[in-house]
Amino acid sequence: MTTEARDLPLGELLGGRRGALDASVPPAVFVVAWLVTGRSIGWAAAAAITAGVGVGVWRLARGRRVTASVASVAAVSLAAFVAIRTGRAEDFFLIQLLSNVASALAWALSILIRWPLLGVVAGVVLGQKTKWRRDPDLVRAYGNASWVWVLGQYTVRVVVFGLLWWSGWVVALGVARVALSWPLVAATLAASAVVLRESLPEGHPGLRHPRVD
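Residues numbered from 1 in each chain as written. Predicted model: local features only at pLDDT ≥ 70, side-chain atom pairs only at ≥ 80, totals over all residues. Heavy atoms only, no water.

**Q** I'm lost on unusual backbone geometry in this one. Help?
**A** A negative phi angle characterises most non-glycine residues, just as the trans form characterises most peptide bonds. Phi at arginine 39 is positive, roughly 65°, even though this residue is not glycine. Looking at the element boundaries, arginine 39 is found in the loop between helix H3 (16–36) and helix H4 (41–61). By relative accessible area, which is 58% here, arginine 39 ends up exposed. (Helix = DSSP H or I, 4+ residues; strand = E, 2+ residues; numbered from the N terminus. Buried < 20%, exposed > 50% of the residue type's maximum accessible area, 1.4 Å probe, protein only.)

**Q** It is not clear to me how the packing of helix H6 (residues 94–112) against helix H8 (residues 136–167) should be interpreted in this structure. Could you clarify?
**A** Between two packed helices, the angle of one axis relative to the other and the distance separating the axes together describe the packing. For the pair H6 and H8, the least separation of the axes is 9 Å and the interaxial angle reads 155°. Relative to H8, H6 is oriented roughly antiparallel. Of the two possible hands of crossing, H6 and H8 adopt the one that is left-handed. Side by side, H6 and H8 meet where Leu94, Gln96, Leu97, Asn100, Val101, Ser103, Ala104, Trp107, Ala108, Ile111 and Leu112 of the first sit next to Gly143, Ser146, Trp147, Trp149, Val150, Tyr154, Arg157, Val158, Phe161, Gly162 and Trp165 of the second. Across the contact of H6 with H8, the residue classes break down as 15 nonpolar, 6 polar and 1 charged. (Axes fitted to C-alpha atoms, helices over the stretch in contact; angles between N-to-C directions. Parallel < 35°, antiparallel > 145°, perpendicular 65-115°, else oblique. Left-handed = near helix turned anticlockwise from the far one by under 90°. Contact = heavy atoms within 4.5 Å. Nonpolar A, V, L, I, M, F, W, Y, C, P; charged D, E, K, R; others polar.)

**Q** Where do I start with the side chain of serine 192 in this structure?
**A** Mapped onto the secondary structure, serine 192 falls in helix H10 (residues 182–199). A distance of 3.3 Å separates polar atoms of two side chains, one belonging to serine 192 and the other to tryptophan 149. (Polar contact = N/O pair within 3.5 Å; in protein donor to acceptor, adjacent residues only side chain to side chain.)

**Q** So what exactly am I meant to see when it comes to the packing of aromatic side chains here?
**A** What characterises a pair of aromatic rings is the spacing of the ring centres plus the angle enclosed by the ring planes. Under the counting rule described, the total for this entry stands at 8 aromatic pairs. Consider the rings of tryptophan 107 and tyrosine 154, whose centres lie 6.0 Å apart with planes at 50°: the pair is tilted. With tryptophan 107 in helix H6 and tyrosine 154 in helix H8, this residue pair connects regions lying 47 residues apart in the sequence. Note on tyrosine 154: relative accessible area 11%, which makes it buried. Plain terms: the ring middles of tryptophan 132 and tyrosine 142 are 5.3 Å apart, the flat faces sit at 80° to each other, and that makes the pair edge-to-face. Highlighted residues: tryptophan 132 in the loop between helix H7 (117–125) and H8 and tyrosine 142 in helix H8, separated in sequence by 10 residues. (Phe/Tyr/Trp six-rings, centres within 6.5 Å; stacked < 30°, edge-to-face > 60°.)

See below:
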């Protein structure tokens, strides 16, 4: 396999460290504000939304897309609304839990129908569109690597977040939200890159050069 296949920037394709860290700020602020204000969900929610808006504005100033910033603020606002509505601070993390359930199911289904999402994302970014699907070796490699995301990231998050949410451990949820952001993403990226590399047969021209004979 060629060097370009080994050096494919999977981190950039799937959001990278910046996006993971940005998403961790509002939950951390929520937990801190919840503790400081005597477990006031209202104040904690307001603080989290303010932090989300602040991160969004900061990233806009540094060239981030408007849609990405708006989506981030909307997600924080929805989480805050759910917590206020139910009166349970742990429910601030419910949207995050459900989104990981949905992601795990979507990635698993994509593999089963031979449209692994890792390949879809890589195909778009590399300008191949769906050309990679005409190469059985790439379809298999992307499928194998996508399972790393299903089991190594989304399922891990579902189990951890689910147990902590069920137990009502708000502080632990905040810690887990940070710990399972970039550190877990980095580990998943590394593992999926290895699986992707090892899944291609010897002599394959690489991810950027699908065999379409």
